[in-house]
Amino acid sequence: MVYCRSDNKMDTNVYSSENKCASPNEMNGKGVLEVTSLLPDVAEEAHNEARKYPDVPSLRYGVGENPPILLSLILAIQNVMLSFGMNLLVSVTIADLACADRNDPIRAKLFCTSVFVVGLTTVVQSAVGIRIPILQGVSGAFLGPLVSMKTAGVWSCDSTGDMDSVSMSSNQTLLQNVTMATKQELVYYRVTQLQGSLMVSGLVTEVFLGGTGLLGYLVKLVGPITVCVTITSLGLSLYPIPIFYCSKYLPVAVCGTLMMILFVMYLTRIYVTIPTIHCNRKKATECNRNTKLPIFQTFPLFISVVITWALCGVLTLAGVFPDDPSEPAYGARTDTRGDLITLSPWLFFPYPGQFGPPRFNTAIFIGFVSSYLSSNVESIGDYMIVSRATGTFPPPRHAINRGILTEGIMGVVAGALGAGHATTSYSDNVVIIKITQVASRSVMLLAGSICLLFGVIGKFGAVLASLPDPVMGGVTIVLFGLLVSIGLSSLQRVNLSSTRNLAVLGTSLYTGLVISEWLKLNKDSIDTGYASLDQVLKLILGTQMFVSGLTSIILDNTVRGTTEERGMDDMTSFKTGNGSDTDTHHSVYDVPGVSQLQRKIPLLRHIPFLQPYRLE
């Protein structure tokens, strides 16, 4: 039997990797072991489990553990940084689509509402939803219908269109000749159409699928190959984002990329002592005021962003970047979004109906339904890949139902508040967990709380959203690259010497890639005679992740193959190994207090999004 001890009995910090193991005979009678990282039986069990399941991650902090507050705060901010870019992009797109002026206050309101919704959804999802550390962010799938409406001319800013006949009688004057009051009416009218369509589409898709438990039955069709195809396709389809950001000023982006590579790959074993207090609750006299922290591995994104942001600030003051907005390098300036900071209020509380009563638009509704379906595929893949990253794989059926139900309900809430978009799980969050080896639920709750704070105190969020484009471009190259590799890691249990598996995998990946790229080159190739149907088909076929994921589901479940060959033979019996001992299957996914209610109210035992009733 192996006993593990620390060289310094006062150093009980789990971040330090300098613990040594020795047998009783090797201790030379120097005394009884005073501090153990694991009890003997637990250590041996964890060792055996780790050998049996080599892909179980070794976490510094498991799902149910709470890191020190300062560490949690910086980790939370790292996750928040990942979401602000999409927050800004979608809110600006909605404002442009609604024909809002550059200095219209609705731009700041849309952005603050978007940040607030992201924070609220993250807190609810982590507390009572899927209950694993997943950041909820603005779903990129909802950009498709918004952009297609603008490019297809459904909504344009050179004419008031059909809205004139509703709110302005028969006045068909051009928008530039309309009075400010009438134009503001047009802007709010379009935003409320997005709200109502979002609410109804969320009810008929995610709320229905998750609330009835139908999605939980369908998820058994999703195997490791589908998870790999979905996540990998998502990572590959995101390549235009870093290209767009990096094109603003490549030297700054390259600097950020090199720092991320240096921190994530080369400086992972550099420990820095930081002042803190870590006490053993069972032995209150044993406190450690100094903690050894692998600072570059834990905060690579935060450090890279701060350094490159400061570099952009210095170059802006030195006059290196041009003042002309038409120049690409203008996007590297730190003052390009000064209007957003100026317009954002100090205090802002989003409330239902702030832009008026919700309205309905059939074309938007159909587009949003397809967006929700695409988001479901992404979320299920994220649930599984995050569960594997946290050592709690696989998520049970009731947790998946509840996670999708939560996304649907919060999508309805987002529409009521006026966000104009729903949220989804962020795959980039998996990368952060892999890099930092911190899977604490409390960190994600803190990240959601920070977003709520930034949404209410508008100027704080606007400052963070003013991050220069090349800064995010540099770090996203590494993050998206790691996202692709995380998707590929799902194949660890799959027999890759099988021609069947290779055919399913390659065909699925290539089908989504070819169809989406073909549609980009042939935008007018789909013409059914119905504009709404054309938009839906273009959105679905143009989403590489959706096409690849759907193809893999069909092939993986129709082509003959054994469960062992497909890597699904041991999924239901997967055990957590060397992760936290609190990260058991039930304690992670079960909603606290529900079991007690199920004993008192038997009807609750049959609800598909609540954990099964267990006799105690």
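As the structure is a computational prediction, the values presented were derived from the model and not from experiment.

Student: Please give an account of the overall build of the protein that cites residues and values.
Tutor: The number of helices and strands found in the protein is 25 helices and six strands. Each of the 616 residues in the protein was classed as buried or not, and the buried ones make up 53%. Contacts in the protein between residues far apart in sequence, at least 24 positions, make up 81% of those at least 6 positions apart.

Student: Give a detailed account of the environment of Leu262, specifying residues and quantitative values.
Tutor: Tracing the sequence through the fold places Leu262 in helix 10 (residues 250-266). A relative accessible area of 37% means that Leu262 is categorised as partly exposed. With 38 residues separating them in the primary sequence, Leu262 and Pro300 have C-alpha atoms 8.9 Å apart.

Student: Tell me about the packing of helix 8 (residues 224-237) against helix 19 (residues 469-488), and please be specific about residues and values.
Tutor: Viewed as axis vectors pointing N to C, helix 8 and helix 19 meet at an angle of 165°, and their least axial separation amounts to 7 Å. As the angle between them shows, helix 8 and helix 19 are arranged roughly antiparallel. In this structure, helix 8 crosses over helix 19, and the sense of that crossing is left-handed. Residues Cys228, Ile231, Thr232, Leu234, Gly235 and Leu236 of helix 8 lie in contact with helix 19, whose contacting residues are Leu483, Val484, Gly487 and Leu488. For the contact of helix 8 with helix 19, the per-class residue count stands at seven nonpolar, three polar and no charged.

Student: Talk me through empty space enclosed by the protein; I want residue IDs and the actual numbers.
Tutor: Using a probe with the size of a water molecule, rolled over the atoms, empty space left in the structure can be pinpointed. Applying the stated criterion to the full structure yields three cavities of 30 Å³ or more. When its volume is computed, the largest cavity comes out at roughly 70 Å³. Those elements giving two or more residues to the lining of the largest cavity turn out to be helix 2 (69-97), helix 16 (428-436) and helix 17 (441-456). A per-element tally of the lining of the largest cavity places helix 16 first, with four residues. A breakdown of the residues in the lining of the largest cavity according to their chemical character gives eight nonpolar, four polar and no charged.

Student: Quick one: what's the story with the nonpolar core, residue by residue and with numbers?
Tutor: Counting residues in each nonpolar core, the largest one holds 109 residues, and the members touching the most others are Val80, Phe84, Ile106 and Leu301. Per element, the largest residue contribution to this core is 14 residues, and it comes from helix 2. Among residues more than four places away in sequence, those in contact with Leu301 are Gln78, Met81, Leu82, Met260, Ile432, Val475 and Leu479. Counting residues in hydrophobic clusters, the runner-up holds seven residues, among them Cys228, Val229, Leu491 and Val494.

Student: Help me get a handle on the pattern of salt bridges, residues and values and all.
Tutor: Scanning the model with the defined rule gives six salt bridges in all. Residues Lys248 and Asp469 are paired through a salt bridge, measuring 2.8 Å at the closest nitrogen-oxygen approach. Here Asp469 lies in helix 19 and Lys248 lies in the loop between helix 9 (240-246) and helix 10, a separation of 221 residues in the sequence. Taking the relative accessible area as the measure of exposure, Lys248 reaches 17% and is therefore buried.

Student: Lay out the confidence of the model for the protein with the relevant residues and their values.
Tutor: Predicted confidence across the protein gives a mean pLDDT of 76, with 76% of residues reaching 70 or more. Mean pLDDT in the protein bottoms out at helix 5 (residues 163-167), which sits at 37, and peaks at helix 15 (residues 397-417), which reaches 92. Contacts from residues 1-54, a stretch scored under 50 in pLDDT, to residues over four places away or in other chains number 74 contacts. Of the regions scoring below 50 in pLDDT, residues 572-583 engages in 36 contacts with residues more than four places distant in sequence or in other chains.

Student: A description of the packing of aromatic side chains should follow, citing residues and the corresponding values.
Tutor: Tallied over the entire structure, the rule returns five aromatic pairs. Pairing Phe263 with Phe296 gives two aromatic rings, centres 5.0 Å apart and planes at 20°, and the pair type is stacked. Here the residue Phe263 occupies a position in helix 10, and Phe296 occupies one in helix 11 (residues 295-298), the gap between them amounting to 33 residues. The class of Phe263 is buried, set by a relative accessible area of 5%. Residue classification places Phe296 among the partly exposed positions, given a relative accessible area of 21%. Geometrically, the ring pair formed by Phe360 and Phe365 is tilted, given 5.4 Å between the ring centres and 50° between the ring planes.

What counts and how
- Residues numbered from 1 in each chain as written.
- Predicted model: local features only at pLDDT ≥ 70, side-chain atom pairs only at ≥ 80, totals over all residues.
- Heavy atoms only, no water.
- Helix = DSSP H or I, 4+ residues; strand = E, 2+ residues; numbered from the N terminus.
- Buried < 20%, exposed > 50% of the residue type's maximum accessible area, 1.4 Å probe, protein only.
- Contact = heavy atoms within 4.5 Å.
- Axes fitted to C-alpha atoms, helices over the stretch in contact; angles between N-to-C directions.
- Parallel < 35°, antiparallel > 145°, perpendicular 65-115°, else oblique.
- Left-handed = near helix turned anticlockwise from the far one by under 90°.
- Nonpolar A, V, L, I, M, F, W, Y, C, P; charged D, E, K, R; others polar.
- 1 Å grid on protein atoms, 1.4 Å probe; cavity = no way out; pocket = protein on both sides within 12 Å on 5 of 7 lines; lining within 4 Å.
- Points joined across faces, edges and corners; volume = space filled by probe spheres on them.
- Core = buried A, V, L, I, M, F, W, Y, C linked by side-chain atoms within 4.5 Å.
- Salt bridge = Lys/Arg side-chain N within 4 Å of Asp/Glu carboxyl O.
- pLDDT = per-residue confidence, 0-100.
- Phe/Tyr/Trp six-rings, centres within 6.5 Å; stacked < 30°, edge-to-face > 60°.

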